[in-house]
Amino acid sequence: MMREDPIKHVFIWPAVIVVLLVSIFPLVYSLTTSFMSFRLVPPTPPRFVGLDNYWNLLQQPRFWTVVRTTSLIAFVAVALQYVIGFAVAMALNMKIPGERLFRVGFLLPMLLAPVAVALIARMIFHPTMGPLNQFMSALGFPNIPFLTSEGWALACIVAVEVWQWTPFVILLLLAGLQTLPEDVYEAAALENATPWQQFWGITFPMMLPISAAVVFVRLIESYKIMDTVFVMTGGGPGVSTETLTLFAYQEGFKKFNLGYTSALSFLFLIVITVIGTLYLAVLRPHLEKRR
């Protein structure tokens, strides 16, 4: 048993209080500000307006456009990350020659700063001077407006997200694959089960809990995407690639509308909470079967 020593409180409680102040005070202050009309430029004194900031946001078509754009980027990128990541993880789990070298190579994109990756991607996808368009022109194809067309710009952002964060999915799924029991596969082989049958009957069901966790983490992180979009397109053309975090940045750091930005941040939190709750509700019956 642990000895009850009053001196431990002298060391624990100061740290607990500091953590609570650092985390809770900004949250409470931001929530309070969201109910006020508060600008820094031009400076205006805080004025209580209740739910007006939230109501104005919900009535603004730009807000719903931004939610739709962010959801599209997040869901498409995470779906591709999971499919590609699962395939690569299974290949690495088969003890192929040079497996360790491949592991290091696949993990390198995750170690790079997103801003640096976005800068390189912006140069590659440049509509006129980018090497990709120059290569296509040499083959006789016309230039593609990668970052100046809405559809192409969204596709480029998704491609960069998939390239950079698929290694994270590979790492976690590979760890899960290496914990699966070998005797189950040996029994399936004795029953003459094909590799496809083993995947759908053994691998995929047993990997479902960790798959759900990986997709959930990546989905939440993808909703917070800003640096890649900010560097590659700046939210353009127009506002067609603007995300929720970039929208909050425009309102908070360019227009200095703190009350409006705080309300936007809490609506962002509500959107993520709703999506996460629906995701877990859909998966819960399948996960309970695994218990």
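That block above? That's the structure.
Please read these numbers as outputs of a predicted model, since none were measured by experiment.

(A) Main features of unusual backbone geometry. For the bond from Gly236 to Pro237, the omega torsion is 0°, close enough to zero to count as cis. Positionally, Pro237 belongs in the loop between helix H10 (227-232) and helix H11 (244-254). In this structure, Asn192 is a non-glycine residue whose phi angle is positive, near 60°. Among the secondary structure elements, Asn192 is positioned in the loop between helix H8 (182-190) and helix H9 (195-223).

(B) Region of the structure containing the nonpolar core. Counting residues in hydrophobic clusters, the biggest one holds 42 residues, and the most contacted among them are Leu57, Phe63, Phe86, Leu173, Tyr223, Leu244 and Leu264. Where this core is concerned, the elements lending two or more residues are helix H2 (52-59), helix H3 (61-92), helix H7 (150-177), H8, H9, H11 and helix H12 (258-289). When residues in this core are grouped by element, the largest group, eleven residues, is from H12. By size, the runner-up hydrophobic cluster in this structure holds 21 residues, among which are Ile73, Phe125, Cys156 and Val231.

(C) Local environment of the environment of Met136. Locating Met136 in the fold gives a position in helix H6 (residues 131-138). Apart from residues no more than four positions distant in its own chain, Met136 is found in contact with Phe141, Ile144 and Phe146.

(D) Up close: the packing of aromatic side chains. A full pass over the atoms with the stated rule returns 17 aromatic pairs. Ring centres 6.4 Å apart and planes at 85° place the aromatic pair Phe75 and Tyr223 in the edge-to-face group. You can see Phe75 sitting in helix H3 and its partner Tyr223 sitting in helix H9, a full 148 residues away along the chain. For Phe75, a relative accessible area of 43% corresponds to the partly exposed category. Site record: aromatic cluster; members linked through ring pairs are Tyr82, Phe86, Trp196, Phe199, Trp200 and Phe204.

(E) The arrangement of the side chain of Thr228 in detail. Of note, Thr228 is situated in helix H10. With a relative accessible area of 0%, Thr228 lands in the buried category. Not counting chain neighbours up to four residues away, the residues in contact with Thr228 comprise Pro114, Ala118, Val160 and Glu161.

(F) Structural context of the environment of Gly201. Checked against the element boundaries, Gly201 lands in helix H9. On the basis of relative accessible area, Gly201 is assigned to the exposed category, the value being 53%. In this structure, the C-alpha to C-alpha distance between Gly201 and Ala188, residues 13 residues apart in sequence, is 9.4 Å.

(G) Representation of the side chain of Thr33 within the structure. Mapped onto the elements, Thr33 comes out in helix H1 (residues 7-33). A polar side-chain atom of Thr33 sits 2.7 Å from the main-chain carbonyl oxygen of Tyr29. Other than its neighbours up to four places away in sequence, Thr33 contacts Phe38, Asn53, Leu258, Gly259 and Ser262.

(H) A look at the packing of H7 against H9. Two elements in contact, H7 and H9, have axes separated by 10 Å at closest approach and are oriented at 145°. When the axes of H7 and H9 are compared, the crossing they make is right-handed. Touching Glu161, Trp165, Phe168, Val169, Leu172, Leu173, Gly176 and Leu177 of H7 are Thr203, Met207, Ile210, Ser211, Val214, Val217, Arg218 and Ser222, all from H9. Per-class residue counts for the contact of H7 with H9 are ten nonpolar, four polar and two charged.

The rules we used
Residues numbered from 1 in each chain as written. Predicted model: local features only at pLDDT ≥ 70, side-chain atom pairs only at ≥ 80, totals over all residues. Heavy atoms only, no water. Helix = DSSP H or I, 4+ residues; strand = E, 2+ residues; numbered from the N terminus. Core = buried A, V, L, I, M, F, W, Y, C linked by side-chain atoms within 4.5 Å. Buried < 20%, exposed > 50% of the residue type's maximum accessible area, 1.4 Å probe, protein only. Contact = heavy atoms within 4.5 Å. Phe/Tyr/Trp six-rings, centres within 6.5 Å; stacked < 30°, edge-to-face > 60°. Polar contact = N/O pair within 3.5 Å; in protein donor to acceptor, adjacent residues only side chain to side chain. Axes fitted to C-alpha atoms, helices over the stretch in contact; angles between N-to-C directions. Left-handed = near helix turned anticlockwise from the far one by under 90°. Nonpolar A, V, L, I, M, F, W, Y, C, P; charged D, E, K, R; others polar.

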